[in-house]
Amino acid sequence: LYYPEASENVISTENRFVYVGYPQLKDMNFKGRVYVSVAKDGSDRTVTEAKDTPNITNMQYCDGYLYYGDYFHSVYRMNEDLENQYLVGETPGAFLTVADGSIYYWSNDEEAPGIYRQTLSGSETEVFVMETEAYDPGMGKVVITSQERDDDSVKITGTLTAEYEGISEAFTLEIPLS
């Protein structure tokens, strides 16, 4: 279950657990991490390809799907068994979360740094949500430390890091649900 350098937690979906682990159960492969999806009764174990896993950032479960970003500013959706990967959008910045039909991301616009929203349908883009001190330089790092969901909103806390500027900034984002 545990991969020593992974900051990700176990994601509990309706039917499965998803976590960072090793490709094989019997022989640990220390050369690469993978995402593992296993049914809650312990059966039906599936894994991502090791070559794809380093690019997965901020995997989250929302409305029956797993969503994640990559280092190339694409946002993907897939089933909880790690099948049927689908590109849902391109963002000019690092993926944070999906909530209420929108993608939230840390912008790479150095003139107007901040967290922005884009609808999953792509009809509304670059809606300013929250100001930040730094912009995503393309390899900036976003770490989500907690995400709480209730009937009215989603509250996300985390850290944005722009190492080239030596800036690390904690943030709390509260997204009202309609």
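First, a word on what this report is: a plain description of the structure on this page. (Residues numbered from 1 in each chain as written. Predicted model: local features only at pLDDT ≥ 70, side-chain atom pairs only at ≥ 80, totals over all residues. Heavy atoms only, no water.)

**Topic: the overall build of the chain**
Within the chain, the regular secondary structure consists of zero helices and 15 strands. Residues counted as buried form 46% of the 178 residues belonging to the chain. The long-range fraction of contacts in the chain, counting pairs at least 24 apart against all pairs at least 6 apart in sequence, stands at 34%. Total accessible area on the chain stands at roughly 9700 Å², and carbon and sulfur atoms take up 46% of it. (Helix = DSSP H or I, 4+ residues; strand = E, 2+ residues; numbered from the N terminus. Buried < 20%, exposed > 50% of the residue type's maximum accessible area, 1.4 Å probe, protein only. Contact = heavy atoms within 4.5 Å. Areas by Shrake-Rupley, 256 points an atom, 1.4 Å probe, with all protein chains shown as cover.)

**Some details on the pattern of salt bridges**
Here the structure, examined in full by the defined rule, presents one salt bridge. With its nearest N and O atoms 3.0 Å apart, the salt bridge here joins Arg16 to Asp44. With a gap of 28 residues between them, Arg16 in strand S2 (residues 16–21) and Asp44 in the loop between strand S3 (34–39) and strand S4 (46–47) connect regions that are remote in the sequence. Here Asp44 falls in the partly exposed class, since its relative accessible area comes to 47%. (Salt bridge = Lys/Arg side-chain N within 4 Å of Asp/Glu carboxyl O.)

**Focus on the nonpolar core**
Grouped together as the largest cluster of nonpolar side chains are 17 residues, with contacts concentrated most on Leu96, Trp106, Val142, Phe171, Leu173 and Ile175. Among the elements of the structure, strand S9 (93–99), strand S10 (102–107), strand S13 (141–149), strand S14 (153–162) and strand S15 (167–176) are those that each provide at least two residues to this core. At four residues, S14 tops the list of elements feeding residues into this core. Not counting residues within four places of it along the chain, the set of residues in contact with Leu173 comprises Tyr104, Ile115, Val129, Met130, Val154, Lys155 and Ile156. (Core = buried A, V, L, I, M, F, W, Y, C linked by side-chain atoms within 4.5 Å.)

**A few points about the environment of Arg117**
Mapping Arg117 onto the fold places it in strand S11 (residues 114–119). Separated by 14 residues in the primary sequence, Arg117 and Ile103 have C-alpha atoms spaced 5.6 Å apart.

**Looking at a nonpolar patch on the surface**
Residues Tyr71, Phe72 and Met139 make up a contiguous nonpolar surface patch of roughly 360 Å² in combined accessible area. By secondary structure assignment, the location of Tyr71 is in the loop between strand S6 (65–69) and strand S7 (74–78). A relative accessible area of 33% places Tyr71 in the partly exposed class. (Patch = residues over 30% accessible without salt bridge, like charges linked within 9 Å, V, L, I, M, F, W, Y side chains within 5 Å.)

**A look at the pairing of S7**
Of all the five residues making up S7, four are buried; the element is thus mostly covered by neighbouring parts of the structure. In this antiparallel pair of consecutive strands, S6 and S7, the connection spans four residues, and His73 shows a positive phi of 65°. Inspection of the sheet shows S7 paired to strand S8 (residues 86–90) by four bridges, in the antiparallel sense. Across the sheet, the residue bridging to Ser74 is Glu90, located in S8. (Pairing = 2+ DSSP bridges.)

**Looking at the side chain of Arg16**
Residue Arg16 is classed as buried on the basis of its relative accessible area, which comes to 5%. A distance of 2.5 Å separates the side chain of Arg16 from the side chain of Ser37, its partner in a polar contact. Excluding residues that lie within four positions of it along the chain, Arg16 makes contacts with Ile11, Ser37, Val38, Ala39, Lys40, Asp44, Thr46, Glu80 and Asp81. (Polar contact = N/O pair within 3.5 Å; in protein donor to acceptor, adjacent residues only side chain to side chain.)

**Focus on the sheet that holds S3**
Ordered by their spatial adjacency, four strands build an open sheet running S1-S2-S3-S4, and the pairing between neighbours is antiparallel. Every interior strand has two partners, whereas the edge strands, strand S1 (11–12) and S4, have only one. One ladder, built from two bridges, connects S3 with S4; its direction is antiparallel. If you follow Ser37 over to S4, its bridge partner there is Thr46.

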